Amino acid sequence: MTAILAPTHTASWTTTAFTFAARTLRKLLRTPQVFGIAIVQSVLFLLMFRYVIGGAIGVPGVAYVDFLVPGFVVSGILFTGGGASVAVAEDVASGQYDRMRSLPIPDSAVLAGRAIADASLMVLVGLVTLIVGFVIGFRMNTNAGDLVFAFVLLAVYALAFAFVFGYLGLVSGSAQAAQGLSILAVPFSFISSAFVPIATMPGPVQAFAKAQPLTFMVNAWRGLLLGGNVTRTFGHNLGYYVVGSLLWAAAIALVFVPLAMRSYRKR
Amino acid sequence: MEMMIEAEGLRKEYGDVKALAGLDLAVPSGKVLAVLGPNGAGKTTLIRTIATLTRPTAGTLRVVGIDVAHHPKQVRRSIGLAGQYAAVEPALTGRENLRMVARLFGHDRAAARAAADAVLEQMGLAEAGDRLVRTYSGGMQRRLDLGASLVGAPRLLLLDEPTTGLDPRSRNELWLAIEDLAARGTDVLLTTQYLDEADRLADIIAIIDHGKLVASGTGDELKTQLGRDVIDVSVKHDGDLQRAVDALGPEATVEVGNSRVWLPVTRGADELIAAVQALGAAGIPLDDIGLRRPTLDDVFLALTGHTTEQADGDASSGTSIR
Ligand SMILES: Nc1ncnc2c1ncn2[C@@H]1O[C@H](COP(=O)(O)OP(=O)(O)O)[C@@H](O)[C@H]1O
Ligand SMILES: [Mg+2]
């Protein structure tokens, strides 16, 4: 029998982050409850809005399907994220996080690895949603540069939200509780510009919708995919939404990265 | 002498619950240490404190000579943890699980591959190595979990109730694996509720109850410490238990659940005769009565007033939380 040698070094930050990210992504892709449901949910709702509800919604200056698909891709981050936080809660409950915490690796690298995996899944689901969008009539008016930039932004939002969902998974205490918390995605996505123009909402609701991160992100995405001018019908130019969404992503990360760090090493 | 574990006045309190209530324990390296105690005794809390997952409320703790409070990262380099439940990822194969942990222990790719292969071999999982862990039996998952704590070749292995919930065959396989590891010179600290497990695997047994050390030593030392033979009485009818105790005097104890009365004695044969006469005079029908050398069970009963299986009082009857 071969003797196992003791390692001469400890794992670096990047090795830790990417090893844990690769493991988590594999797990998520092989767990139909996470990946499969995220896709089915996204596609199902997209079809409902396009063919059932959409007829009753008028958006000035844009075809509803063109308005809807970017809203779906971006708000899908929240729905996929719910599944990700359930997976985190499961890893905590099964003791896998205890093993991570007992290893000589940096805490921040474990959380970053987790967030990279979760964000990758969110972007992947977004990509699938966009492709389904094309099938049901979505048409872009953009160039390669803007399209790439749109996906870079999507990845940035996803990464910021991955820390929110990672944190919720850590503090939820159980997979069921995490599942319960994931319902938060509903008000945040509906009280935003994702599915309907916010101009029709009553005052206080509208004020919330205007200020919250998802509206900035959705509108930035619309601007990049449908041509910058479209955002004027929402009240501001493309730059306003791009900068606003990036500031929001930074603010979210600034709050939730330390919170996640603290709850990971709570003892 | 190099020490595996040195705890002084170790305390961990969760609100009013004293999971560790001033634990003192010193065990040298090069041993297998079994921490034996009933449910709720504080075994998991002790393991988690050693593994740097839980911060003690008070007291000091050195693991392989390193102070846990001041150098948790160094402690993590020296330990491998297998917690109370198998912490392996069901959606990965056994090999993938081990390679990941090996990489995180600091192995480069090639070394991680080699370590994973060696551990699969050692744990008897070579053939199942490329199957998803969700298809493994409970015993296989436990062995894989043990393997995952090994791939970094740690100086000290921490195993929290490694065989709880396993069928006898899997249990035996795991025992063999642990004995094999100890023979190769790895220090092992395991917790258990089972006296036979402690007796079989451990060089040193530390008995804890209510978060405190009750006794420690080799199995033989503990038995000698009790220092006395034991009269074992099995009554025919449970209803006679209390009468049997009354007949035998204040040192007799009822072992609940076993319909047995238990009496430590110093003048073996004479006292056996006296006991037979006393029980006969009281007219209590017996199944069996005998004199024997004390077992670890007796030690535990004598020291704590209850058996390992039976929880007594508040603290130990609560559900154990990891
Ligand atoms: N996180 C926790 N919060 C509150 N009480 C806890 C926690 N962990 C353990 N306890 C309590 O501490 C005591 C010891 O628990 P534990 O160390 O799990 O015992 P054992 O592993 O020997 O069964 C029990 O009464 C248990 O309920
Ligand atoms: Mg326990």
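Higher on the page you've got the structure.
These numbers come from a predicted model, not from an experiment. (Residues numbered from 1 in each chain as written. Chains lettered and ligands numbered in written order. Predicted model: local features only at pLDDT ≥ 70, side-chain atom pairs only at ≥ 80, totals over all residues. Heavy atoms only, no water.)

A. How the structure looks around the pairing of strand β7 (residues 156-159) of chain B. All names here are of chain B. Neither face of β7 is exposed, since Leu156 and Leu158 on one face and Leu157 and Leu159 on the opposite face are all buried. Taken together, the four bridges between strand β6 (residues 79-82) and β7 define a ladder with parallel strand orientation. Paired with alanine 82 across the two strands is leucine 159, which belongs to β7. Relative to strand β8 (residues 187-192), β7 is paired through four bridges, and the arrangement is parallel. Of the residues in β8, the one forming a bridge with leucine 159 is leucine 190. Handedness of the crossover is the feature at issue here: the chain leaves β7, passes through helix α6 (residues 168-183), returns alongside β8, and the resulting connection is right-handed. (Buried < 20%, exposed > 50% of the residue type's maximum accessible area, 1.4 Å probe, protein only. Helix = DSSP H or I, 4+ residues; strand = E, 2+ residues; numbered from the N terminus. Pairing = 2+ DSSP bridges. Right-handed = clockwise from strand over helix to strand, strands pointing away.)

B. Local environment of the sheet that holds strand β9 (residues 204-209) of chain B. Residues and elements named next belong to chain B. Reading across from one edge, β6-β7-β8-β3-β9-β10 is the order of the six strands in this open sheet, with mixed pairing throughout. Taken across any chain shown, the strands that pair with only one partner, and hence form the sheet edges, are β6 and β10 (212-217). Recorded for the sheet is a direction-independent mean angle of 15° between the axes of neighbouring strands. Taken together, the five bridges between β9 and β10 define a ladder with antiparallel strand orientation. Looking at the pairing, isoleucine 207 lines up with alanine 215 of β10. (Axes fitted to C-alpha atoms, helices over the stretch in contact; angles between N-to-C directions.)

C. Local environment of the nonpolar core. By size, the foremost hydrophobic cluster in this structure holds 120 residues, and its most contacted members are Tyr157 and Trp221 of chain A together with Leu146 of chain B. It is helix α6 (residues 144-172) of chain A that provides the largest number of residues to this core, a total of 15 residues. In this structure, Leu20, Leu25, Ile79 and Ala206 of chain B belong to the second largest nonpolar core, which totals 30 residues. (Core = buried A, V, L, I, M, F, W, Y, C linked by side-chain atoms within 4.5 Å.)

D. Inspection of the packing of aromatic side chains at higher detail. All names here are of chain A. Counted under the stated rule, the structure contains 16 aromatic pairs over all chains. Here the aromatic rings of phenylalanine 20 and tyrosine 97 are separated by 6.1 Å at their centres, their planes lie at 70°, and the arrangement is edge-to-face. Placement of the pair is phenylalanine 20 in helix α1 (residues 13-30) and tyrosine 97 in helix α4 (residues 96-102), with a sequence separation of 77 residues. Each of the two residues, phenylalanine 20 as well as tyrosine 97, counts as buried. Relative to phenylalanine 190, the ring of phenylalanine 49 has its centre 6.1 Å away and its plane inclined at 45°; by these criteria the two rings are tilted. Note that phenylalanine 49 is positioned in helix α2 (residues 35-53) and phenylalanine 190 in helix α8 (residues 185-190), a separation of 141 residues in sequence. In this structure an aromatic cluster arises from ring pairing among Phe49, Phe72, Phe190 and Phe195. When the ring centre of tyrosine 264 is taken as reference, the NZ or CZ atom of arginine 101 above it lies at 5.4 Å. The residue whose ring lies beneath arginine 222 is phenylalanine 67, and the NZ or CZ to ring-centre distance is 3.5 Å. (Phe/Tyr/Trp six-rings, centres within 6.5 Å; stacked < 30°, edge-to-face > 60°. Lys NZ or Arg CZ within 6 Å of the ring centre and 35° of its normal.)

E. Representation of the side chain of lysine 27 of chain A. Topologically, lysine 27 of chain A is positioned in helix α1. Owing to a relative accessible area of 6%, lysine 27 of chain A belongs among the buried residues under this scheme. Side-chain polar atoms of lysine 27 of chain A contact the side chain of aspartate 91 of chain A, separated by 2.9 Å. The residues touching lysine 27 of chain A, leaving out its near neighbours within four places in the chain, are Ala87, Glu90 and Asp91 of chain A together with Glu89, Ala91 and Leu92 of chain B. (Polar contact = N/O pair within 3.5 Å; in protein donor to acceptor, adjacent residues only side chain to side chain. Contact = heavy atoms within 4.5 Å.)

F. Broad picture of the interface of chain B and chain A. In this complex, chain B contributes 46 residues to the contact, which on the side of chain A involves 35 residues. By the criterion of area lost to chain A, the three top residues of chain B are Leu53, Arg76 and Leu104 of chain B, representing 19% of everything that side buries. At the junction of chain B and chain A, the tally comes to six salt bridges. Among the ionic pairs, glutamate 89 of chain B bridges to arginine 23 of chain A, the shortest N-O distance being 3.5 Å. Seen at the junction of chain B and chain A, the total is twelve residue pairs in polar contact (both at pLDDT 80 or more). Looking at the side of chain B that touches chain A, the elements with two or more residues in it are α2 (72-78), β6, α3 (94-105), α4 (109-122) and α5 (138-148) of chain B. When residues in the side of chain B that touches chain A are grouped by element, the largest group, six residues, is from α3 of chain B. (Buried area = accessible area lost by both parts, 1.4 Å probe. Salt bridge = Lys/Arg side-chain N within 4 Å of Asp/Glu carboxyl O.)

Treat this as a map of the structure, not an account of what it does.
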